[in-house]
Amino acid sequence: MPAKKAAIGFIFVTLLIDVMGFGLIIPVMADLIAQLKGIPVNEASTYGALLLSVFAVMQFLFAPVMGNLSDQYGRRPVLLFSLLGFGIDYIILALAPAYGWLFIGRVIAGITGASFTTASAYIADVSTDETSKAKNFGMIGAAFGLGFVLGPALGAFLSTWGIRAPFYAAAGLCLLNCLYGYFLLPESLPKENRRRFEWKKANPFGSLKFLFQHPELGGLAASFFLIYLGAQGVQGNWNFFTIYRFHWTEKMVGISLAIVGILVGSVQAGLTRVVNPKIGNERSIYLGLSLYTLGLLLFAFATQSWMMFVFLIPYCLGGISNPSLQSVISGQVPANQQGALQGALTSLMSLTTILGPLIMNTSFTYFTTDKAPFYFPGIHFLIGAVCMLMSIVLVYRVLSRNRTSESKAAAVAHETERPANVAARQ
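(A) Structural view of the overall build of the chain. Each helix and strand in the chain was counted, giving 15 helices and zero strands. For the chain, with 426 residues in total, the buried portion stands at 49%. Sequence separation of 24 or more characterises 83% of the internal contacts of the chain that already satisfy a separation of 6 or more. Looking at the chain as shown, the accessible area adds up to about 19,900 Å², and 68% of this sits on carbon and sulfur atoms.

In structure tokens:
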């Protein structure tokens with residue numbers, strides 16, 4: 001039992017370090033790219049998008065491969081390989097003499113970075129019942145939330161020591177955790193429960209087929225895609241925009257992202273549990289998406305630095321829509337297909353992480369140069385707001401159609417019952 005608790009603790013630390021490492025480097029990445037390319041930070045945004053997208057492409061292609069490898073060789077070697085890959089990536093980023101080295105580092109991290117997939121499998125292996133499984137899986141969300149608060153905050157502090165200091169810190173955390181796991185982490189998957197690697201099961205596009213096999217999910221899946229695509233206006237370009245538009249330092253960027261982590265954690269852990277049961281899923285979706293739209297519009301037209309902090313409030317409150325939309329989507333398919341559905345939704349999210357930065361960051365760069373027909377640095381936020389509005393329309397059409405179908409079905413059932421009732425009375 002103590003060994004199992006120690007293993008669960010290691011998994012929590014692994015995921016925490018994973019998220020922290022990403023959060024650590026966000027505050028300084030924009031200035032590092034600008035420095036290496038010798039260009040202004042607004043033009044560096046496009047190069048930042050390429051780094052985000054290539055990492056997401058590698059994750060999309062290799063996460064199922066690494067997951068399947070862990071089914072054959074065990075969770076332990078894959079987890080340690082993932083940590084080692086991230087450590088090497090951060091060292092490359094810390095020492096990079098040119099932009100191309102950043103690209104190589106992100107490719108390596110994307111290929112090896114299957115820690116969330118493998119850690120989830122490890123938790124499933126060591127959880128003895130459904131109660132402990134739910135409790136242990138809850139740690140994944142806790143690690144993500146805590147990591148996204150601590151990472152940017154620590155990155156902001158370390159940036160005062162130099163633009164590359166956060167990369168050295170992230171590398172040190174990953175490699176120390178890898179060393180700790182090498183000596184103390186037990187294997188969770190017994191040899192008798194392993195299976196041979198199959199390329200068919202490692203196909204990253206396989207899960208997307210599920211959506212084409214269920215046309216009733218079309219509108220809701222498209223809405224889900226647009227929400228996460230619109231959110232890339234914030235996630236992929238926040239540091240570049242605020243440094244360019246308001247001359248924020250790396251420290252200010254880190255503090256702002258730590259505040260985002262606190263707000264998102266508060267909404268997901270507290271507010272959704274209160275609001276959603278009271279007003280229902282449909283109203284929660286409309287309210288949340290409206291707040292997302294409002295927040296993005298306010299970001300787009302912000303003229304003062306303090307406004308960005310204030311406007312984070314409505315934007316982060318938009319998170320109340322996410323659990324409700326997931327609930328509505330999951331209600332469209334039977335219980336025995338929920339796993340396939342979640343895999344398909346995860347693939348959609350991955351695609352937005354690939355496409356989103358290319359769309360948002362490139363638009364930001366273009367509309368801050370002389371080539372644009374007009375100057376508008378907040379264009380990517382406006383694009384995000386349009387995505388959110390389109391998702392509202394799609395959800396409304398689907399749910400309205402569903403209500404109409406249910407009303408017609410109820411009316412038909414009522415008409416069918418009437419003759420039977422008359423005959424029974426006679």
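(B) Quick peek at a nonpolar patch on the surface. Nonpolar side chains collect at one region of the surface, where Leu84, Ile88, Ile91, Leu95, Tyr168 and Leu175 lie side by side and expose about 500 Å² of accessible area between them. Counting residues per element, the ones that place at least two in the nonpolar patch are α3 (75-95) and α7 (165-184). Considering each element in turn, the nonpolar patch owes the most residues, four residues, to α3. Tracing the backbone shows Ile88 in helix α3. Classification of Ile88 as partly exposed rests on a relative accessible area of 37%.

(C) Layout of the pattern of salt bridges. Applying the stated criterion to the full structure yields one salt bridge. Two residues, Asp89 and Arg106, come together in a salt bridge whose shortest N-O distance is 2.4 Å. Of this pair, Asp89 sits in helix α3 while Arg106 sits in helix α4 (residues 99-112), placing them 17 residues apart in sequence. Exposure class is identical for Asp89 and Arg106. Each is buried.

(D) How the structure looks around the packing of aromatic side chains. For the structure on display, the rule yields 18 aromatic pairs. Centre to centre, the rings of Trp238 and Trp248 are 6.1 Å apart; their planes meet at 70 degrees, and the pair counts as edge-to-face. Placement of Trp238 in helix α10 (residues 238-246) and of Trp248 in the loop between α10 and α11 (250-300) is noted, with a sequence separation of 10 residues between them. Of the residues examined, Trp238 reaches a relative accessible area of 3% and is grouped as buried. Since its relative accessible area comes to 5%, Trp248 is described here as buried. Ring pairs connect the aromatic residues Trp238, Phe241, Tyr244, Phe246, Trp248, Tyr292, Phe299, Phe309, Tyr315, Phe364 and Phe381, which therefore count as one cluster. Residue placement shows Arg106 over the ring face of Phe55; its charged tip is 4.8 Å from the ring centre.

(E) Examining the packing of helix α9 (residues 218-235) against helix α13 (residues 321-330) more closely. At a minimum axis separation of 10 Å, α9 and α13 run at an interaxial angle of 155 degrees. Considered as vectors, α9 and α13 are oriented roughly antiparallel to each other. Where α9 crosses over α13, the handedness of that crossing is left-handed. Across the interface between the two elements, Leu220, Ser223, Phe224 and Ile227 from α9 touch Leu325, Gln326, Val328 and Ile329 from α13.

(F) Molecular detail of the nonpolar core. One finds Leu102, Trp238, Phe299, Met308 and Phe381 to be the most contacted residues of the largest nonpolar core, which totals 88 residues. Broken down by element, the residue count for this core peaks at 12 residues, all from helix α1 (residues 2-37). One finds Ile11, Leu15, Leu79 and Tyr122 within the second-largest nonpolar core, a separate group that totals 17 residues.

(G) Geometry of the packing of α10 against α11. Between α10 and α11, whose axes approach to 11 Å, the crossing angle comes to 125 degrees. The orientation of α10 relative to α11 falls into the category oblique. In the packing of α10 onto α11, the handedness of the crossing is right-handed. Residues Trp238, Asn239, Phe241, Thr242 and Ile243 of α10 touch α11, and the partners they reach there are Val253, Ser256, Leu257 and Phe299. Class assignment for the residues of the contact of α10 with α11 results in six nonpolar, three polar and no charged.

(H) Highlighting α13. Inspection of α13 places Ser321, Ser324, Leu325, Val328 and Ile329 among the buried residues, and these make up the whole buried set. End-on view of α13: buried residues confined to an arc of 135 degrees, all on one side of the axis.

(I) Spatial organisation of the side chain of Ser159. Locating Ser159 in the fold gives a position in the loop between α6 (130-158) and α7. You can call Ser159 buried: its relative accessible area is 12%. Excluding its chain neighbours within four sequence positions, the residues that come into contact with Ser159 are Val28, Pro166, Glu250 and Lys251.

(J) Representation of the side chain of Thr365 within the structure. Structurally, the position occupied by Thr365 is in helix α14 (residues 338-366). Side-chain polar atoms of Thr365 contact the side chain of Thr46, separated by 3.0 Å. Ignoring anything within four residues of it in the chain, the contact list for Thr365 reads Asn42, Glu43, Ser45 and Thr46.

(K) Representation of unusual backbone geometry within the structure. At His247, a position not held by glycine, the phi torsion is positive, near 60 degrees. Of note, His247 is situated in the loop between α10 and α11. The exposed category is assigned to His247, whose relative accessible area is 67%.

(L) Representation of α4. Its 14 residues give α4 an end-to-end C-alpha distance of 21 Å, which sits within 8% of 20 Å, the value for a rise of 1.5 Å per residue. Within the sequence span of α4, burial applies to Tyr99, Leu102, Gly105, Arg106, Ala109, Gly110 and Thr112.

Reading the values: the criteria
Here the residue index of a chain counts from 1 through its sequence in written order. Reporting in this predicted model follows two pLDDT cut-offs: at least 70 for local features of residues, and 80 or more for side-chain atom pairs to be given and counted; totals over whole chains, interfaces and linings ignore these cut-offs and use all residues. Hydrogen atoms and water are omitted, and side-chain values are computed over all heavy atoms in the structure. Secondary structure elements follow DSSP: runs of H or I of four or more residues count as helices, runs of E of two or more count as strands, with numbering from the N terminus. Each residue is placed in one exposure class: buried if its accessible area under a 1.4 Å probe, protein chains only, is under 20% of its type's maximum, exposed if it is over 50%, and partly exposed if it falls in between. We call two residues contacting when some pair of their heavy atoms lies within 4.5 Å. Surface accessibility follows the Shrake-Rupley procedure with a 1.4 Å probe radius. Residue values consider only the protein chains on display as shielding. What makes a patch is a set of residues exposed beyond 30% relative accessible area and free of salt bridges, joined within 9 Å when like-charged and within 5 Å when nonpolar (Val, Leu, Ile, Met, Phe, Trp, Tyr). Only one rule defines a salt bridge in this text: a Lys or Arg side-chain nitrogen within 4 Å of an Asp or Glu carboxyl oxygen. Working definition: rings of Phe, Tyr and Trp (its six-membered ring) pair if their centres are within 6.5 Å, and the pair is stacked with planes under 30 degrees apart, edge-to-face with planes over 60 apart, and tilted otherwise. Remark: a charge is flagged as sitting over a ring if the NZ atom of Lys or the CZ atom of Arg is within 6 Å of the ring centre and within 35 degrees of the ring normal. All axes are obtained by fitting lines to C-alpha atoms, using only the stretch in contact for helices, and the reported angles, taken between N-to-C directions, cover 0 to 180 degrees. An angle below 35 degrees is read as roughly parallel, one above 145 as roughly antiparallel, one from 65 to 115 as roughly perpendicular, and any other as oblique. Handedness of a helix crossing follows the sense of rotation of the near helix relative to the far helix, less than a right angle counterclockwise being left-handed and clockwise being right-handed. In plain words, nonpolar cores are sets of buried Ala, Val, Leu, Ile, Met, Phe, Trp, Tyr and Cys residues tied together by side-chain atoms within 4.5 Å. Each residue is assigned to one class: nonpolar for Ala, Val, Leu, Ile, Met, Phe, Trp, Tyr, Cys and Pro, charged for Asp, Glu, Lys and Arg, and polar for all the others, Gly among them. The arc in question is traced by the directions running from the helix axis to the C-beta atoms. Counting of polar contacts relies on pairs of N or O atoms within 3.5 Å, with two restrictions inside protein: one atom must be capable of donating a hydrogen and the other of accepting it, and residues adjacent in sequence are counted only when both atoms are side-chain atoms. In this scheme, a helix's expected span is set at 1.5 Å multiplied by one less than its residue total.

Everything listed here is a matter of geometry and, on its own, says nothing about what the molecule does.
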